[in-house]
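# Coordinates in review
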Amino acid sequence: MDIFIQIAIKIIHEQEAIIGPIAWEEATKVSGFIIRDPKKDDVTIEGDGKLALEKLVQQYERLFGRASREVCRSAIKSLVNDSNKESIPTILF
Amino acid sequence: MFQVLENRTSQDGSERINQELYKKNAELAFRNKTLLLLRKLYVDTLITSHLKDLAARLVDSIQHELNPAMIGIFLLSKDKKLLVPLECKFSGLLDVNQAVGEFDPCVNPIVITNENSVQQKVLTQGQMLVVDNLGALWSNPLRKQHLAILQQKFRIISTVLYPLNIDKKAIGVFLFSLDRPYGDLSSYETEALESFSSLIAIAIDKARVYEQVEITNKQLEINNQRLKQLDSAKSEFLSIASHQLRTPLTGIKGYLSMILEGDYGAITPKVKPIIEEVFQNTDRLTRLVNIFLNVSRIESGRFEIDRKDVDFVELTEEVVRTLKLVAEQKKLELIFHHPDKLLPMLKLDKDKIKDVLLNLVDNAIKYTSKGKIEIFLEKFGEALKVIVKDTGIGIPKGEVRELFKKFVRGSGIAQINTGGSGLGLFIVKKIIEAHNGKVWAESAGKDMGSSFIFTLPMS
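Since the structure is predicted, the reported quantities are computational estimates derived from the model, not experimental observations.

Here is what the cut-offs are and how they apply
- Residues numbered from 1 in each chain as written.
- Chains lettered and ligands numbered in written order.
- Predicted model: local features only at pLDDT ≥ 70, side-chain atom pairs only at ≥ 80, totals over all residues.
- Heavy atoms only, no water.
- Helix = DSSP H or I, 4+ residues; strand = E, 2+ residues; numbered from the N terminus.
- Buried < 20%, exposed > 50% of the residue type's maximum accessible area, 1.4 Å probe, protein only.
- Contact = heavy atoms within 4.5 Å.
- Areas by Shrake-Rupley, 256 points an atom, 1.4 Å probe, with all protein chains shown as cover.
- Disulfide = S-S within 2.5 Å.
- Core = buried A, V, L, I, M, F, W, Y, C linked by side-chain atoms within 4.5 Å.
- Pairing = 2+ DSSP bridges.
- Axes fitted to C-alpha atoms, helices over the stretch in contact; angles between N-to-C directions.
- Patch = residues over 30% accessible without salt bridge, like charges linked within 9 Å, V, L, I, M, F, W, Y side chains within 5 Å.
- Salt bridge = Lys/Arg side-chain N within 4 Å of Asp/Glu carboxyl O.
- Parallel < 35°, antiparallel > 145°, perpendicular 65-115°, else oblique.
- Left-handed = near helix turned anticlockwise from the far one by under 90°.
- Nonpolar A, V, L, I, M, F, W, Y, C, P; charged D, E, K, R; others polar.
- Buried area = accessible area lost by both parts, 1.4 Å probe.
- Polar contact = N/O pair within 3.5 Å; in protein donor to acceptor, adjacent residues only side chain to side chain.

### Notes on the overall build of chain B
Counting its secondary structure elements, chain B contains eleven helices and 13 strands. For chain B, buried positions account for 41% of its 459 residues. The contacts in chain B between residues at least 6 apart in sequence include a share of 66% that link residues at least 24 apart. Working note: accessible area of chain B is about 26500 Å², and carbon and sulfur atoms make up 54% of it.

As structure tokens, then:
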């Protein structure tokens, strides 16, 4: 699975644990994200994955403040490594 | 314009509420995650009790859920000078081998340098401690720079050490590195870390006790095996030695008997008591050898029962005839109470059962200084019950059950009969049990007389 999709799903799941299904609803509002079936984690990203991730984090932050960005950062820690960290938006570090 | 301001204020208010609600929900979500993790850790402690495996499971579970840059369980060495890594890991953020390089803190013990060292404070004060740099823990000056680079690579901002306390004594530490200052942690996050360290301490202590028990059990098993081999060698030796002794003894006894009978001519009155004494001692020696032979047969499983029809009344009369004189010499009455009803013939190994009755009556005579010895035969359901009752020294209450064990002699008996082997009643029990019977002793206590009772199935 594409690393951007893996990270996006991880972030949405972590947000879902806090705010419930709204996490998926908000993700559908982010341009570039196509969510077909939240129950099956059926997510695709069209266009620039890095930009789409940044917008996703900002979408949550706009609604729920700085704390939501920390949640996103914490969520993706286990997925980031030396080889892929260049492609991750700086907002997540 | 007022309407616009009002809308903006209202929007700001709901944003703040949203954000506060989010924070509360985030806290609840974290607490929920902590509870689930604690449950998982608890399950880990149930799944494995092997110390190293358990530590690996606990560290893996916490790392999987919280992904700290570095996490470790270090145990205090016996000399209390080192904290030895039991399990320690860096996060998968980097290629660990490449990133860690020449000095891996996860495999190097933490040396407890002096009384004022940070490590010592955690252990003695039993409180958690936060360090900003790993160099404060692995205090080798040559490694400080390496550790600083390592810390930067893994983005470690602070490292928390929790003592693993059992009964207020530290058995080690739980190390957890953070990517932010410890002060930035919320109260629920610090509570979670404390809970993990408490659970780890209990789990590790339990696993250590379990491992110790396992080691002791293995040692006991080995010792037991050795004892069995020694016992078997002893029995073998006893059997061979007894056989070798019995043959010449039979010859000696025979010749002594012939001398006493006058087959080699008259012996002087001065020599006669000496020959009689030698004969009696040889007889005693023969009986002892026979006892040892019986014991070695019992223990090697070569103790065979040859059953034939036996008239038990007749057998008892033979025993009474044999020992009547001995009892009379001690001015004791030896009374056989014949049964009221006719007893059926019993399928028994006559010689061995006769040995049993001889042994019990002989003991009764030995340990009775005045009064009488009575023998009763009774029907006891489908069994024959034989009672040998005396008015002798009795048996202290605590000793009744022990008497039938090998080499056990009642207290006070040694003074009366110095030559006993402590094997007579052991053999009695084995013979009776080989006939599917039971044997036991009863006594009201010291100087109150005693009864030795055995049963034999009549069918």
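And the narrative resumes.
### Describing the overall build of chain A
Helices and strands together make up the secondary structure of chain A, namely four helices and two strands. When the helices and strands of chain A are listed from N to C terminus, the series reads α-α-β-β-α-α. The buried share of chain A, reckoned over its 93 residues, is 48%. In chain A, the share of contacts with a sequence separation of at least 24, taken over all contacts with a separation of at least 6, comes to 56%. As presented, chain A carries roughly 4600 Å² of accessible surface, and 50% of it is formed by carbon and sulfur atoms.

### A short note on the state of the cysteines
Residue and element names in this part refer to chain B. Tallied over the full model, the rule gives one disulfide over all chains. Here Cys88 engages in a disulfide with Cys106; their sulfurs sit 2.1 Å apart. What sets the handedness of the Cys88 and Cys106 disulfide is the S-S torsion sign, and at about -55° it is left-handed. Of this pair, Cys88 sits in strand β2 (residues 82-90) while Cys106 is found in the loop between α3 (96-100) and β3 (110-111), placing the two residues 18 residues apart along the sequence. A single burial state applies to Cys88 and to Cys106, both of which are buried.

### A few points about the nonpolar core
B:Phe312, B:Leu357, B:Val361 and B:Phe454 are the most contacted members of the largest nonpolar core, which totals 47 residues. Excluding anything up to four places from it in sequence, B:Phe312 contacts B:Leu346, B:Leu348, B:Ile353, B:Leu357, B:Leu377, B:Leu384, B:Val386, B:Phe454 and B:Leu456.

### Digging into unusual backbone geometry
Residues and elements named next belong to chain B. Of note in the backbone geometry, Arg155 takes a positive phi value of approximately 55° without being a glycine. The backbone of Lys168 shows a phi angle near 65°, a positive value even though the residue is not glycine. Tracing the chain through its elements places Lys168 in the loop between β5 (158-166) and β6 (169-178). Classification of Lys168 by relative accessible area gives exposed; the value is 83%.

### Focus on the environment of B:Ala327
Take B:Ala327: it is sitting in helix α8 (residues 312-329). C-alpha of B:Ala327 to C-alpha of B:Ile365: the two residues are 38 residues apart in sequence and 6.1 Å apart in space.

### A short note on the sheet that holds β6(B)
Residues and elements named next belong to chain B. Judged by pairing direction, the sheet is antiparallel, and its six strands sit side by side in the order β3-β2-β1-β6-β5-β4 without closing on themselves. Each of the sheet's edge strands pairs with one partner strand only, and the pair in question is β3 and β4 (129-131). Bridging between β4 and β5 involves three bridges; their strand directions are antiparallel. Bridge assignment links Val130 to a residue of β5, and that residue is Val160. Its contacts with the sheet put helix α6 (residues 187-261) on β1 (70-76), β2, β5 and β6, and the angle it makes with β5 is roughly 45°.

### Concerning the sheet that holds strand β11 (residues 383-390) of chain B
Residues and elements named next belong to chain B. Pairing in this open sheet of five strands is mixed, and the strands run β8-β10-β11-β13-β12 from one edge to the other. In the strand order of this sheet, the two ends are held by β8 (333-337) and β12 (438-443), each with one partner. When the angles between neighbouring strand axes are averaged without regard to direction, this sheet yields 15°. In this fold helix α9 (residues 350-366) packs onto β8, β10 (372-380), β11 and β13 (450-457), with an angle of close to 25° to the strand it touches most, β11.

### Regarding a nonpolar patch on the surface
A surface patch of nonpolar side chains, amounting to about 390 Å² of accessible area, comprises B:Tyr42, B:Val43, B:Leu46 and B:Ile47. Relative to the helices and strands, B:Ile47 resides in helix α1 (residues 2-47).

### Digging into the packing of helix α1 (residues 3-19) of chain A against helix α3 (residues 49-64) of chain A
Residue and element names in this part refer to chain A. Interaxial distance between α1 and α3 falls to 9 Å at its minimum, and their mutual angle equals 10°. With respect to α3, the element α1 is oriented roughly parallel. α1 and α3 meet at a crossing whose hand is left-handed. Side by side, α1 and α3 meet where Phe4, Ile7, Ala8, Ile11, Ile12, Gln15 and Ile19 of the first sit next to Gly49, Lys50, Leu53, Leu56, Val57, Tyr60 and Phe64 of the second. Residues that form the contact of α1 with α3 fall into these classes: eleven nonpolar, two polar and one charged.

### Brief notes about the interface of chain A and chain B
Taken together, the 18 residues of chain A in the interface contact 16 residues of chain B. Summed over both partners, the interface of chain A with chain B comes to about 1400 Å²; 54% of that surface belongs to carbon and sulfur atoms. Per-residue buried area on chain A facing chain B is highest for A:Ile18, A:Phe64 and A:Lys77; these three make up 39% of the total on that side. Here chain A and chain B share two salt bridges between them. Here B:Lys33 ties to A:Glu14 by a salt bridge, and the two come within 2.9 Å at their closest N and O atoms. Here chain A is connected to chain B by five residue pairs in polar contact (both at pLDDT 80 or more). Secondary-structure elements contributing two or more residues to the side of chain A that touches chain B are α1, α3 and α4 (66-76) of chain A. Per-element tally for the side of chain A that touches chain B: the top contributor is α1(A), with five residues. Across the side of chain A that touches chain B, the residue classes tally to nine nonpolar, five polar and four charged.

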